[in-house]
Amino acid sequence: MSELGRVRSGAAVAAALVCALVGPASGVAAADGQEGDGPEAFTLRDKRIDESSGLAASRAHEHVYWTHNDSDDGPRVYAVDGRTGRTVATVTLQGIDPRDVEAIAVGPDGDVYVADIGDNLGGTWPEVWIYRFPEPKQLRDVTVTPTRYTVRYEDGPRDAESLMVHPKTGRVYIASKNNKERGGIYAGPEELSPSGVNTFRRIADTEIWATDGAFSPDGTRLMLRSYFGGEMYVWRDGKPDPIDDMVPVPMQRQGESVTFTPDGRTLMFGSEGRHSTVDPVELDGTLLPENAARPAPERDRGSDNQDTGSGDRNEVAIGGVTFAIAIGAWMLLRGLLRRRR
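Below: a short report on this structure. Along each chain, the written sequence defines residue order, and numbers are assigned to residues from 1. In keeping with the predicted nature of the model, local features appear solely for residues at pLDDT of at least 70, side-chain atom pairs appear and are counted solely at 80 or more, and the whole-chain, interface and lining totals rest on all residues. Only hydrogens and water are set aside; all other atoms, that is, all heavy atoms of the structure, feed into the side-chain values.

## Some points on the sheet that holds strand β16 (residues 221-225)
Short version of the rule: The rule for pairing is simple: two strands pair if DSSP sees at least two bridges between them. Each helix is a run of DSSP H or I of at least 4 residues and each strand a run of E of at least 2, with the numbering of both proceeding from the N terminus. Only the stretch in contact is used when fitting a helix axis, every axis being a line fitted to C-alpha atoms; angles between N-to-C directions are given from 0 to 180 degrees.
Strand order in this open sheet of four strands is β15-β16-β17-β18, and the pairing throughout is antiparallel. Strand pairing shows two members of the sheet lacking a second neighbour, β15 (212-215) and β18 (239-242), which therefore form its edges. Averaged over all pairs of adjacent strands, the angle between their axes in this sheet comes to 30°, without regard to strand direction. Judged from the four bridges that link them, strand β17 (residues 230-236) and β18 form a sheet pairing that is antiparallel.

## Topic: the pairing of strand β21 (residues 277-282)
Across two bridges, the pairing between strand β1 (residues 42-43) and β21 is antiparallel. Bridged to Thr43 within β21 is Thr277. Pairing analysis gives four bridges linking strand β20 (residues 266-271) to β21, with the strands arranged antiparallel. Looking at the pairing, Leu267 lines up with Val281 of β21. Hairpin geometry of β20 and β21 is characterised by an intervening segment of five residues between the two adjacent antiparallel strands and by a positive phi of about 110° at Gly273.

## Some words on the packing of aromatic side chains
Under the convention used in this document: Pairing of aromatic side chains requires ring centres within 6.5 Å, counting the rings of Phe and Tyr and the six-membered ring of Trp. Pairs whose planes differ by under 30 degrees are stacked, by over 60 edge-to-face, and all others tilted. Three exposure classes are used, based on accessible area relative to the maximum for each residue type with a 1.4 Å probe and protein chains only: buried under 20%, partly exposed in between, and exposed over 50%. Should the NZ of a Lys or the CZ of an Arg lie within 6 Å of a ring centre and within 35 degrees of the ring normal, that charge is described as sitting over the ring.
Enumeration over the complete set of coordinates arrives at six aromatic pairs. Considering the side-chain rings of Trp66 and Phe133, the 6.5 Å spacing of their centres and the 85° angle between planes classify their relative orientation as edge-to-face. Residue Trp66 is located in strand β3 (residues 64-69), and its partner Phe133 is located in strand β8 (residues 128-134); the two are separated by 67 residues in the primary sequence. Note on Trp66: relative accessible area 0%, which makes it buried. In this structure Phe133 comes out as buried when scored by relative accessible area, which is 1%. Ring centres of Phe215 and Trp235 lie 4.9 Å apart, and the angle between their planes is 80°; this geometry places the pair in the edge-to-face category. On the criterion of sequence distance, the pair formed by Phe215 in strand β15 and Trp235 in strand β17 is long-range, its members being 20 residues apart. Taking the relative accessible area as the measure of exposure, Trp235 reaches 9% and is therefore buried. Each member of the aromatic cluster is reached from another via a ring pair, and the members are Tyr173, Phe215 and Trp235. For Arg99, the ring lying beneath its charged end belongs to Trp125, and the centroid distance is 3.9 Å.

## Points about the sheet that holds strand β6 (residues 103-106)
An order of β6-β7-β8-β10-β14-β13-β12-β11 is seen for the eight strands of this open sheet, with the pairing classed as mixed. Either end of the sheet is taken by a strand with one partner, and the two such strands are β6 and β11 (160-165). Adjacent strand axes in the sheet meet at a mean angle of 30° when their direction is disregarded. Sheet analysis places strand β10 (residues 147-153) next to strand β14 (residues 197-206), joined by four bridges and oriented parallel.

## Some details on the pattern of salt bridges
Between side chains of opposite charge, a pair can form as their charged atoms come close. Note the threshold: Should a side-chain nitrogen of Lys or Arg be within 4 Å of a carboxyl oxygen of Asp or Glu, the pair is scored as a salt bridge.
Counted under the stated rule, the structure contains 13 salt bridges. Notably, a salt bridge pairs Arg152 with Glu127, separated by 3.0 Å at the nearest N-O pair. Linking Arg152 in strand β10 with Glu127 in the loop between β7 (111-116) and β8, this pair joins segments that are 25 residues apart in sequence. Under the relative-accessibility criterion, Glu127 is labelled partly exposed at 22%. Across the pair Arg158 and Asp155 runs a salt bridge whose closest N-O atoms are separated by 3.5 Å.

This is the structure we're talking about:
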């Protein structure tokens, strides 16, 4: 077995071990939600959403997140209320036949970008597509005709699941998966053109098997996640600079999506599967976007001790142990990946 094969096998074993211990998600995010420090976890209630593969916070509607299925669901995206997990609108994209939709993002102009960029054949499709439509002002079921952009990579076809739109410049970026060779971040033209081909050029290498990505609302941070880990970057002058601090990604059955909350202080992580959960992770230190950086609020430890029963304390303790296992596994795998360079 090749070194890459051993890394992938190790990743599968680590993920399976932690998922067996904690189920769909780590207890860390759940504990944060219980303490009321920020957004709480929510469950996708709509039975139609069984392969949620992308996640984007709405710019027009508070507490609303856009998501979509991976494939075999037709040209639909869903607006979900992050407080109840219920679908509040379904947008049908008219005139397209999506092949492998993997990501979604909202641009600075309020347009929604849907990325038909997956390639289950290992990166052999000569071109992929991005669909764009204005975010509806009213949350109701609607059919729209999106603008369609044809995309090719300057160094040939590849598999990708991550689309990011910079919140200041509106430039579109794609992160490829680390399967055939090292993953990379690709920049599209300054403005996408609906006519002809939009060539995306590689601007940086990555060491992560990226399943989704997102810019912070102020554009100073870029987050890429994988099935079992993540990497945060400082975004400066159109280029990513990796941050050494570890992102505490919750362990999920099949971690597929991530987005920042509108205030930039929390990451929301999603997973595939019917009735899957979206789990919050609050950021601090160097992981915080520049506009969101401020001291973390102090907590009333005495009040916590009085209000928390023994069952809650056990949940937090177990969450801490399993989170430590997850971090250890990710650090080991990250080290192995770096040795391949």
